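Here are the chains, one letter per residue:
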Amino acid sequence: MKISGLPTPCYVVDEALIIKNLTILRNIIERTGVRILLAQKAFSMYALYPLIGRYLCGATASGLYEARLCAEEMVRPLAEQNIKCENHIFSPAYKEEDFEDILCYCDHIVFNSWRQVEKFGTRAKAAGKSIGLRINPQCSTQKGHAIYDPCAPGSRLGITIENFRDSVLFRKFFPLLDGLHFHTLCEQDSDDLETTLDAVEEKFGEYLSHMNWINFGGGHHITREGYDIPRLERCIRRMQEGYGLTVYLEPGEAVALNAGFLVSSVLEIQGPAEKRRQGFGGNSVDDGLRIAILDTSAACHMPDVLEMPYRPPLQKSGQPWEKAYTYRLGGPTCLAGDVIGDYSFDAPLQEGDRLVFEDMAIYSMVKNNTFNGMPLPSIVLKQESGEYKLIKKFGYEDFKGRL
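Residues numbered from 1 in each chain as written. Predicted model: local features only at pLDDT ≥ 70, side-chain atom pairs only at ≥ 80, totals over all residues. Heavy atoms only, no water.

1. Quick notes on the packing of helix H1 (residues 15-32) against helix H9 (residues 229-243)
Packing of H1 against H9 brings their axes to within 11 Å, and their N-to-C directions diverge by 40 degrees. Once H1 is placed against H9, the crossing between them reads as right-handed. Judged by residue contacts, Ile24, Ile28, Arg31 and Thr32 of H1 engage Ile229, Leu232, Glu233, Ile236, Arg237 and Gln240 from H9. Classifying every residue of the contact of H1 with H9 gives five nonpolar, two polar and three charged. (Axes fitted to C-alpha atoms, helices over the stretch in contact; angles between N-to-C directions. Helix = DSSP H or I, 4+ residues; strand = E, 2+ residues; numbered from the N terminus. Left-handed = near helix turned anticlockwise from the far one by under 90°. Contact = heavy atoms within 4.5 Å. Nonpolar A, V, L, I, M, F, W, Y, C, P; charged D, E, K, R; others polar.)

2. Points about the pattern of salt bridges
Applying the stated criterion to the full structure yields 20 salt bridges. The closest approach of N and O atoms between aspartate 342 and arginine 328, which form a salt bridge, is 2.8 Å. Highlighted residues: aspartate 342 in strand S16 (residues 339-345) and arginine 328 in strand S15 (residues 325-330), separated in sequence by 14 residues. The network of salt bridges with common partners includes Arg31, Glu233 and Arg237. (Salt bridge = Lys/Arg side-chain N within 4 Å of Asp/Glu carboxyl O.)

3. Considering the side chain of threonine 223
Note on placement: threonine 223 falls in the loop between strand S9 (213-215) and H9. Exposure remark for threonine 223: the relative accessible area of 12% places this residue in the buried category. Among the polar contacts listed, one links the side chain of threonine 223 to the backbone oxygen of alanine 254, at a separation of 2.7 Å. Once residues within four sequence positions are removed from consideration, threonine 223 is found in contact with Asn21, Ile24, Leu25, Ala254 and Leu257. (Buried < 20%, exposed > 50% of the residue type's maximum accessible area, 1.4 Å probe, protein only. Polar contact = N/O pair within 3.5 Å; in protein donor to acceptor, adjacent residues only side chain to side chain.)

4. Quick look at the packing of aromatic side chains
The full count for this structure, using the stated rule, is 19 aromatic pairs. For the ring pair phenylalanine 164 and phenylalanine 174, a centre distance of 6.2 Å and an interplane angle of 90 degrees mean the geometry is edge-to-face. Taken as a pair, phenylalanine 164 in helix H6 (residues 161-165) and phenylalanine 174 in the loop between helix H7 (170-173) and strand S8 (179-181) lie far apart in primary sequence, 10 residues in all. The class of phenylalanine 164 is buried, set by a relative accessible area of 0%. Residue classification places phenylalanine 174 among the buried residues on the basis of a relative accessible area of 14%. Among the aromatic residues, ring-to-ring pairing joins Trp114, Phe164, Phe170, Phe174, Phe204 and Tyr207 into one connected group. Just above the ring of phenylalanine 90 sits the side chain of arginine 134; from NZ or CZ to the centre is 4.9 Å. Its guanidinium or amino end placed over the ring of tyrosine 343, arginine 311 lies 3.9 Å from that ring's centre, counting from NZ or CZ. (Phe/Tyr/Trp six-rings, centres within 6.5 Å; stacked < 30°, edge-to-face > 60°. Lys NZ or Arg CZ within 6 Å of the ring centre and 35° of its normal.)

5. What about the nonpolar core?
Most often, soluble globular proteins keep nonpolar side chains buried together rather than apart. Residues Trp114, Phe164, Phe216 and Leu329 are the most contacted members of the largest nonpolar core, which totals 111 residues. If near-sequence neighbours (up to four positions away) are discounted, leucine 329 is found in contact with Ala292, Leu294, Leu314, Val339, Ile340, Gly341, Tyr343, Leu349, Leu355 and Phe357. Counting residues in hydrophobic clusters, the runner-up holds eight residues, among them Leu6, Cys10, Val380 and Tyr388. (Core = buried A, V, L, I, M, F, W, Y, C linked by side-chain atoms within 4.5 Å.)

6. Let's talk about the environment of arginine 156
If you trace the backbone, arginine 156 turns up in the loop between strand S7 (130-134) and H6. Judged by its relative accessible area of 60%, arginine 156 falls in the exposed class. A sequence separation of 159 residues divides arginine 156 from glutamine 315, and the C-alpha atoms of the two residues are 39 Å apart. In this structure arginine 156 touches Pro92 and Asn112, once residues within four positions along its chain are discounted.

7. Side note on unusual backbone geometry
In this structure, the amide linkage connecting threonine 8 to the following residue, proline 9, adopts the cis form with an omega of -5 degrees. Cis geometry marks the peptide bond from methionine 308 to proline 309, where omega comes out at -15 degrees. Structurally, proline 309 is set in the loop between helix H12 (304-307) and S15. The phi angle at aspartate 359 is positive, at roughly 50 degrees, despite the residue not being glycine. Turning to its location among the elements, aspartate 359 is positioned in the loop between strand S17 (354-358) and strand S18 (378-382).

8. Quick word on the state of the cysteines
For the coordinates displayed, the defined rule picks out zero disulfides. Unpaired in this structure, cysteine 106 has its nearest cysteine sulfur neighbour in cysteine 70, at a distance of 7.8 Å. A relative accessible area of 0% places cysteine 106 in the buried class. Of all cysteine sulfurs in the structure, the one in cysteine 151 sits closest to cysteine 139, which takes part in no disulfide; the separation is 6.4 Å. (Disulfide = S-S within 2.5 Å.)

9. Digging into a nonpolar patch on the surface
Side chains of Leu306, Leu335 and Phe371 sit close together on the surface and give an oily, nonpolar patch of about 230 Å² of accessible area. Mapped onto the elements, leucine 335 comes out in the loop between S15 and S16. (Patch = residues over 30% accessible without salt bridge, like charges linked within 9 Å, V, L, I, M, F, W, Y side chains within 5 Å. Areas by Shrake-Rupley, 256 points an atom, 1.4 Å probe, with all protein chains shown as cover.)

Here it is as structure tokens:
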């Protein structure tokens, strides 16, 4: 299959680019001994789990279904090749009816409160699981995205030092703990991790020597160009050498960063006729904004565009009015705000043109939806050979089955 023959909309994940990211992460593992896990919440394309498991140390889940997916598609297939992958899980609160299955699937279980440890910790320990507690170091390093800040006031994620040591359950259940977990970053560099570690040591340092491991969580943009890997490795060694701890990282985006695309087609052009005027700086710009309706929806197929919000990169385009022809790219749903963004092009768009959005592997397949009965995009793998392989095509039954 060639790219011109792909159905649209479709996600295309480039295997060679995934391997490029995995190689960076594997090199860190080999230099430091850190344990790096795939955070499935960002990227759950399980067709690549056997590949990912050969580079990383396993995966981490946010609930029962992700834990089962890891067990079925990474742990078991690689165990047949004598490759061991770990299966971790964290949830703000576990359901009683799920917990026996979680014990079957997971090696490490991280709790969010002493009450959760009281309810489930003894059973987990008796089943031979490694037990952790998520902490909140109360150190916000976010810049402009409070929705992604687990250290914001009133956060439900992680236990503060006051609730950690002052709980009546502390003395009874502290001996059950094997490790501490924190997750405070979102698309950040290792300087913010270093700042967070200062806060962790200040507040929880006296307890670290009693642990076997510490988990730095996710949000580390390790494979982004310019990321400070040496500083990250110093942070890892700081915990290893200072406290004798095994260190875990749980990146999601870093595994598939800049390794996926969303291919869409132009359905119709709406707006003013082709009139041009002389713009500022001597550049020619269009007189009025035209609209291109795509078969791709921001609300359904790239929901982070509206949630973050952000403007996704688009191949062969520029900023509004930077090039000769500017369009507002919108989806086919009834939501008035289903707008991907404003982009400019060297030539006018035509019905049937294909547009390729970049960095669409992460938080896309895992968050998409069928609002308005929109079909889900197909999933395609661009193999190392350059050939395109259709992994999954969705239809009406996938829409109906969710209802």
